[in-house]
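Residues per chain, in single letters:
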Amino acid sequence: MEPHTIPELLPGTLYLLILRSLSRGPLHGYAIVKRIKDASREGLRIEDGSLYPALNRMLVKGWLTSEWGVSENNRKARFYRLTPEGRRQLDTEAGEFDRLVRAIQMVMRTA
Amino acid sequence: MAFWNEIGNRVAWLFRRSRFDREFEEEVRFHIQARADELEQAGLTGADALRQARREFGSTLRSWEETRSAWQMRWLEDLGSDLHYAARSLRRNRALALAAVGSLALGIGANTTIFSVAREALFSQPSCRDFQSLVQISVGGNTWVPMSQYRFLEDTHAFDGLAGMNIQMVVNWRDGNRSYRLAGTRVTGNFFEVVGIPVAMGRPIERSESNVAVITHGFWTKHLGGDPNVVGRTLALDGEPYTVIGVLPRDHRMLAGFGFTPDLYLTKDPGEVMLYARLPRGMTRQAAYTRLQPICRELDRVYPDVNRQWAKEVRLSAVGGVERLQEGGQEAIPVAAFFVMLVVVTAIVVLIACANVSSLLLARAFTRSREFAIRMSLGGSRGRLVRQLLAESLLLALLGTGAGLLLNLWLTSLLSGVHIPTPLPIELVIQPDRMLLAYSVALAFVVTLATGLVPALKGTRAGIGGALKEGGRQAGPAGYALRNALVVGQLAVSILLLSVGLLFIRNLMYATSFNAGFDTTHTLVATYQTVWGSYTPRKFAALVDTALDRLRALPGVEAASPASAVPLNPFLAFNRPGGQFRPDSGSRTVRAQYNSNAVGPDYFRIMGIPILQGRAFADSDRIGAPEVVILNENLARRLFGNSNPVGHTLRFPNNRDARVVGVARNCKYVTLGEDHASAVYEPFFQQNHSAFAHFFVRTRSAPETMVRKVDETLAGLDGGAAVETHAMGEVFAGALLPSRLGAAILGSMALFGLLLASIGLYGVLLYATQQRIREIGIRVALGATPANVLAMVVGQSLRLVTAGAGFGLAVAAIAVRPLSMFLVPEVRPADPMNFVMVAAVLALVAGLATVAPTARALRVDPAVALRHE
């Protein structure tokens, strides 16, 4: 079952967004939400409640690993890191997403 | 790949579930705290910021549930709870559970044991290094070659080593003042090196060593008391000192296969050897063959032999596994077929047991159909119910298989190391292994589906409304039909089992009654072997004469005679030459193969073999006197037709002429199963013997009482000679072994199958009667007599039994045909008498199974029955 809590996101894009935001290094859950919010200039918001199920599904699939560390303000936090498999997944999903968006745009402009 | 990673991750998660909850809580707390910190920086007060952050996060419970479900394997957890529930429901029905597990365990125990034994006897790998690159070589269509030819082949260095062994040798071991016959395998010096046989203690035999021996674990423990300092000990073998240099491990499996186990390996000129070659790395057998061909042609040039050409029929065969069996040819087929039959028979028993369990589960599923209907009407899915019912049969199958495996371990440990009473030293080393485990798991799976699937599907199919309306009391016609079909099937296959079992029991009865053509009740036989080379034929003949005189002088001995072969004994077997005979040395030739035995004058009297025409041998038939022979009836008829052969001359295939002086009645020579076998007797003293003789002794009292006397008398003649004395009946145990084994296993399987089938019949009849108590009550109230009720129940039983017996007999009549290969010719599989007996036994047992249900039906009191709910 895909997360249904963010209807404004295209199905499956949540994984893509998480993978992309982790591609520059490990982050904890809140930082992922923040990175996506900031990068989209608040255009995209991930519901906090649906973030953790998604992260855990990705752990099961072996795209991510997690470890406990210390946050920027010295609190114990759980950091997620991309695995090589996760990086491959990011590449394929990003490519697919690009093709999809371009196709939709083409339809919007010409049809 | 990714799939398995995922499963692995999930399974790993199962083990840290409690940590997961704690960590999730901590992570969410951090998340909310981080958001609250941010909100506080934006200007909210601490408490407001925290409240706001919590609100934004939403329901932590839902998030927790969704997160958790990311990891869960629903089916696994469901299975756990299903099994738990099944265990509870089986505990409540202890009788059912015990009956089901017990019958499955016996069936599976028998089946896996046969599997283990067959695997060990037929497919085991010999103890050696890399058996794939080791091949057995036969040249000139013969697996045996003389030593000079062996040396020639080895000197070519065509392979990474060529070794030879001779398993057929007997060595005399002198221990204290007694000598024993040992099965000693003589090997070439490089044998251990080429084959790569692991030793448990000491070291293997090395090239150019002499007078050393490696002993087997069995010989070490049984004859040397497991002496820990055995390495270095000296054994007097055939009058020479041999140093024990190594002990083989307990699970040593010899290259010869089939459980053949000698007492020791020793370096001594083997005379002739079987060849084993180690192929160089990467060389295929085809390439090895191509390399061997020209060498064999060279061999033909160097050692020309009129009787065989070495380069003809060159063959390289595997030394282990299925391949050895395929290439084993003639000898292996009946053995393999016998095991296949045993596996099939025991599998049928498992099936009958399954049918019983299935029938019990079916009955239960129908009585519970009201519960199922309620659960389905409340939204429970049928799949879920089916799974739950299957969990019950899975549990039963697992318990049954587990108990069966324990039975298997116990039985095989009994069988393993048992010295099978054959003159051949055969011992099987049966150990549980992964194959057995895999086989059992597969069996458990099959049993689960066979017992559970149909009851589960049928039991849950009843429509919601129907089951509730009927009150769940009636099984419905579908349920009856299915259980009836199961019982008919059970009865039919138990007919098949009974037919097979009966044939083998009759075979055993026939074999034991021993119409082998001679009398064994007052006979004993001593096998006498002097150290090779210590007598000339003339001196040995004098020794045998002395031995006979001393034996005859013993009180209680009626007669004594030497012989070169013991009938019905594969190890002391007859020579079986054959070729063109020329009666009256004329031009007419008759081709025949015959069993040859050299016997003394009293042999026929001792064995109770009547001389039908002419005379027995006389003391005067010795070297120098005219050569004479006695034929058996079969050969006399083949050579001379109906005319009297006595006085005629016969030219043997080797161009020797001998005069026929008598015709002896036919008897069995090599196996009880043989038919129309030919035999030639020659006078013992007209042949050259120099080391070996059997003494046949006829006693006045039971032969067992004379064994020691005879043994001591013979042992006193020459201390170096090995003597082994047994009552004749014991010696024939080997010949009877296949019949005994077959009768014991198949007879007990047949009885067991019949028992299970009759329990099945009993269960169905009793259940049907109980379901119809109300109906019977009404009938009785309306005036049905006890005779009518009787007819009702007995009629049902009769219908089932007739149908089962009909199917069973039809199948059995065809299926038992090929069994004739295991039976003596006098027991014919097609004999209608067999089937009459089988049907009678089944009718009797079925009758017994009907008694209780009938009694129950007759006891029905209409007043009680009408209130019966």
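Quick caveat: nothing in here was measured; it's all calculated off a predicted structure. (Residues numbered from 1 in each chain as written. Chains lettered and ligands numbered in written order. Predicted model: local features only at pLDDT ≥ 70, side-chain atom pairs only at ≥ 80, totals over all residues.)

Chemist: It is not clear to me how the overall build of chain B should be interpreted in this structure. Could you clarify?
Modeler: In terms of helices and strands, chain B carries 27 helices and 23 strands. Across chain B, contacts joining residues at least 24 apart in sequence account for 82% of those joining residues at least 6 apart. (Helix = DSSP H or I, 4+ residues; strand = E, 2+ residues; numbered from the N terminus. Contact = placed C-beta atoms within 7 Å.)

Chemist: Teacher, can you tell me more about the overall build of chain A here?
Modeler: Counting its regular elements, chain A contains four helices and three strands. Mapped in sequence order, the helices and strands of chain A form the string α-β-α-α-β-β-α. In chain A, buried positions account for 31% of the 111 residues. Across chain A, every contact between residues at least 6 apart in sequence was considered, and the portion connecting residues at least 24 apart equals 49%. (Buried ≥ 20, exposed ≤ 12 C-beta atoms within 10 Å, placed from the backbone.)

Chemist: How should the sheet that holds strand S3 (residues 76-82) of chain A be read in this particular structure?
Modeler: Strands belonging to one sheet form pairs held by backbone hydrogen bonds; the direction of such a pair is parallel or antiparallel. Residues and elements named next belong to chain A. Taken together, the three strands give an open sheet; going across it, the order is S1-S3-S2, and neighbouring strands pair in antiparallel fashion. Two strands bound the open sheet, and with one partner strand each, they are strand S1 (27-28) and strand S2 (64-70). In terms of strand pairing, S1 meets S3 through two bridges, oriented antiparallel. Note that in S3 the partner of Leu27 across the bridge is Tyr80. (Pairing = 2+ DSSP bridges.)

Chemist: How do you make sense of the interface of chain B and chain A when you look at a structure like this?
Modeler: A common way to state how big an interface is: give the accessible area lost once the parts meet. Contacts between the two partners involve 21 residues from chain B, matched on the other side by 17 residues from chain A. The biggest single contributor to the side of chain B that touches chain A is helix H2 (residues 17-41) of chain B, with seven residues. Residues of the side of chain B that touches chain A, tallied by class, amount to five nonpolar, eight polar and eight charged. (Nonpolar A, V, L, I, M, F, W, Y, C, P; charged D, E, K, R; others polar.)

Chemist: It is not clear to me how the nonpolar core should be interpreted in this structure. Could you clarify?
Modeler: The nonpolar side chains of a soluble globular protein tend to be buried, and buried together. Residues and elements named next belong to chain B. Leu104, Leu491, Val500, Phe695 and Leu761 are the most contacted members of the largest nonpolar core, which totals 157 residues. A per-element tally of this core places helix H12 (residues 332-367) first, with 18 residues. Dropping the residues within four chain positions of it, Val500 is found in contact with Val345, Leu746, Ala750, Val816 and Leu819. Leu153, Leu182, Val273 and Met274 belong to the second-largest nonpolar core, a separate cluster that totals 54 residues. (Core = buried A, V, L, I, M, F, W, Y, C linked by C-beta atoms within 7 Å.)

Chemist: Please explain the confidence of the model for chain A as it appears in this structure.
Modeler: Chain-level pLDDT for chain A is 85 on average; 89% of the residues reach the 70-or-more range. Throughout residues 1-7 of chain A the model reports pLDDT below 50, and contacts reaching past four residues in sequence, or to other chains, amount to 13 contacts. (pLDDT = per-residue confidence, 0-100.)

Chemist: I'm lost on the environment of Arg698(B) in this one. Help?
Modeler: All names here are of chain B. Take Arg698: it is sitting in strand S22 (residues 692-699). In the structure, Arg698 is positioned 30 residues away from Met728 in sequence and 10.0 Å away in space, judged by C-alpha atoms. When residues no more than four places from it in sequence are discounted, the contact partners of Arg698 are His522, Thr523, Glu558, Ala559 and Ile606.

Chemist: Could you clarify how one ought to interpret the confidence of the model for chain B in this entry?
Modeler: The predicted coordinates of low-pLDDT regions are not to be read in fine detail. All names here are of chain B. Per-residue confidence for chain B averages 82 on the pLDDT scale, and 92% of its residues sit at or above 70. Confidence scores differ between elements of chain B, with helix H16 (residues 464-470) showing the lowest mean pLDDT of 52 and strand S18 (residues 628-632) the highest of 94. Under the prediction, the complex receives an ipTM of 0.87, its pTM being 0.65.

Chemist: Please clarify how unusual backbone geometry should be interpreted in this entry.
Modeler: Even without glycine at this site, Glu42(A) takes up a positive phi of about 65 degrees. If you trace the backbone, Glu42(A) turns up in the loop between helix H2 (29-39) and helix H3 (48-61). For His157(B), which is not glycine, the phi dihedral falls at a positive 50 degrees. Tracing the backbone shows His157(B) in the loop between helix H7 (147-155) and strand S3 (162-175).

Chemist: Help me out: how do you make sense of helix H3 (residues 46-57) of chain B in this one?
Modeler: Residues spaced three or four apart along an α-helix face the same direction, because each turn holds 3.6 residues. End to end, H3(B) covers 17 Å across twelve residues, agreeing with the expected 16 Å (1.5 Å per residue, within 8%). Phi turns positive, to about 85 degrees, at Gly58(B), one or two residues after H3(B). (Expected span 1.5 Å × (residues − 1).)

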